[in-house]
Amino acid sequence: MSDEPRLTRVLVALDASPLSLAALAAAAALAGRVGAELTGVYVEDVNLTRLPGHPAATSISLVGGFRRDPEHRLLDHALKVQSAAARRAFDEAAEPLGPNACFAVRQGRVEAELLAAAEQADLVLVGCSSSAIARGARLPPLGRLGSTARAVMERAARPVLVVRHALPEAQPVAVLYDGSAASRRALVLAARLAVSAGVRLDVIALATDPDSARRREQEARALIAPVAIAIDSRPITSADTGRLTRETSRHAPALLVLPDTARHLMEALPCSVVVVP
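Overview of the structure.

Cut-offs used in this document
- Residues numbered from 1 in each chain as written.
- Predicted model: local features only at pLDDT ≥ 70, side-chain atom pairs only at ≥ 80, totals over all residues.
- Heavy atoms only, no water.
- Phe/Tyr/Trp six-rings, centres within 6.5 Å; stacked < 30°, edge-to-face > 60°.
- Helix = DSSP H or I, 4+ residues; strand = E, 2+ residues; numbered from the N terminus.
- Buried < 20%, exposed > 50% of the residue type's maximum accessible area, 1.4 Å probe, protein only.
- 1 Å grid on protein atoms, 1.4 Å probe; cavity = no way out; pocket = protein on both sides within 12 Å on 5 of 7 lines; lining within 4 Å.
- Points joined across faces, edges and corners; volume = space filled by probe spheres on them.
- Nonpolar A, V, L, I, M, F, W, Y, C, P; charged D, E, K, R; others polar.
- Axes fitted to C-alpha atoms, helices over the stretch in contact; angles between N-to-C directions.
- Parallel < 35°, antiparallel > 145°, perpendicular 65-115°, else oblique.
- Left-handed = near helix turned anticlockwise from the far one by under 90°.
- Contact = heavy atoms within 4.5 Å.
- Right-handed = clockwise from strand over helix to strand, strands pointing away.
- Pairing = 2+ DSSP bridges.

A word on the packing of aromatic side chains
Throughout the structure, instances matching the rule amount to 1 aromatic pair. A centroid spacing of 5.7 Å and a plane angle of 50° characterise the contact between Phe90 and Phe103, whose relative ring orientation is tilted. In this pair, Phe90 is assigned in helix α3 (residues 72-94) and Phe103 in strand β5 (residues 101-108), connecting sequence segments 13 residues apart. By relative accessible area, which is 2% here, Phe90 ends up buried. The buried category is assigned to Phe103, whose relative accessible area is 14%.

Some remarks on the layout of surface pockets
If you add up the space inside the second largest pocket, you get close to 450 Å³. As for the second largest pocket, its lining consists of 21 residues, and the residues nearest its centre are Ala29, Arg33, Leu167, Pro168 and Glu169. Taken together, the elements giving at least two residues each to the lining of the second largest pocket come down to α1 (18-34) and α6 (181-197). Sorting elements by how many residues they give to the lining of the second largest pocket places α1 first, with 7 residues. Within the lining of the second largest pocket, the residues separate by chemical class into 18 nonpolar, 1 polar and 2 charged.

Focus: the packing of helix α4 (residues 110-118) against helix α5 (residues 147-155)
Two elements in contact, α4 and α5, have axes whose closest approach is 9 Å; the angle formed by their N-to-C orientations is 40°. The angle between α4 and α5 falls in the class oblique. Between α4 and α5 the crossing geometry is right-handed. Side by side, α4 and α5 meet where Val110, Glu111, Leu114 and Leu115 of the first sit next to Ser147, Thr148, Ala151, Val152 and Arg155 of the second.

Here we look at the pairing of strand β9 (residues 201-207)
For a regular strand, side chains alternate in direction, first toward one face of the sheet and then toward the other. Within β9, 7 of the 7 residues are buried, which leaves it mostly tucked inside the rest of the structure. Of the two faces of β9, both are covered, the one formed by Leu201, Val203, Ala205 and Ala207 as well as the one formed by Asp202, Ile204 and Leu206. The β-α-β motif built from strand β8 (residues 173-177), the intervening α6 and the parallel element β9 has right-handed crossover chirality. With helix α7 (residues 210-223) bridging β9 and its parallel neighbour strand β10 (residues 231-237), the resulting β-α-β unit is right-handed.

Re the sheet that holds strand β11 (residues 255-259)
Strand order in the open sheet formed by 10 strands is β5-β2-β1-β6-β7-β12-β11-β8-β9-β10, and the pairing between neighbours is mixed. If you trace the sheet from one side to the other, it starts and ends with β5 and β10, each paired once. Going from strand to strand, the sheet's axes swing by 20° on average, the running direction of each strand aside. Strands in contact with α7 are β8, β9 and β10; relative to β10, the strand with the most contacts, it is inclined by about 155°. Across the face of the sheet, helix α8 (residues 242-251) comes into contact with β8, β9, β10 and β11 while running at roughly 155° to β10.

Comments concerning the packing of α1 against α6
At their nearest, the axes of α1 and α6 sit 9 Å apart, and the two run at 85° to each other. One way to sum up the angle between α1 and α6 is to call them roughly perpendicular. Where α1 abuts α6, its residues Leu30, Arg33 and Val34 lie against Arg192, Leu193, Ser196 and Ala197. Class assignment of the residues belonging to the contact of α1 with α6 gives a composition of 4 nonpolar, 1 polar and 2 charged.

A short note on the environment of Ala220
One can find Ala220 in helix α7. Taking the relative accessible area as the measure of exposure, Ala220 reaches 0% and is therefore buried. Taking the C-alpha atoms as reference points, Ala220 and Arg184, separated by 36 residues in sequence, lie 8.0 Å from one another. The residues contacting Ala220, other than those within four sequence positions of it, are Tyr177, Leu187 and Val203.

Take a look at the structure:
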């Protein structure tokens, strides 16, 4: 395909939470398969560093239960510990990439710093939430999407992979094609991801009526015909978007690639999702 996407620079947001580590594992594996550069970014949140200076801020001892003024040094230490943990995890995951991997610490507002870093990337990976979860557990869909993941997904000018759980290996990559320019880009990216992983590409063609959906299905197949890849496709109508949830649950793709035009459907999806602007 002449408009094959660039995948030379992959960015992953890190905060040492379980889902950011799942995003790191996925990013390192992808970068290794496609020969991309991998950058891990940890942001020291300026809102946290300013917190001890707030007139209403206080801390409570867990031992004695007494209140005291928060100390800058304790918060600075906690941030350094978290940054060091993120760095260790990155170094371990990215070791096979050698000089194609780098770790950066930025200071500022988390969303703004990640969006600025994303401008230099071809694909951005973020954990769905920084909340601690049980090993292997899945978070509910968009209702639990963290503020950072939501801001990056909605405002980045690059494709964003929102990781909800560790990505399974040897599972197909699915893509929603609705005929929009964004869905054509999503289709090309999904094919690229499927080829790099050596898995099947599942194309879900969405339209307002069954005949149009079948035409969309044929159009999508024609667009990726030059790619040597196993393809499965099926049409659905916008009146039955609930079927999208059933399809993704039944076929269990490693991830689903959505055009930005269909981002609202993410709320009902059980899998990790790439949103393509």
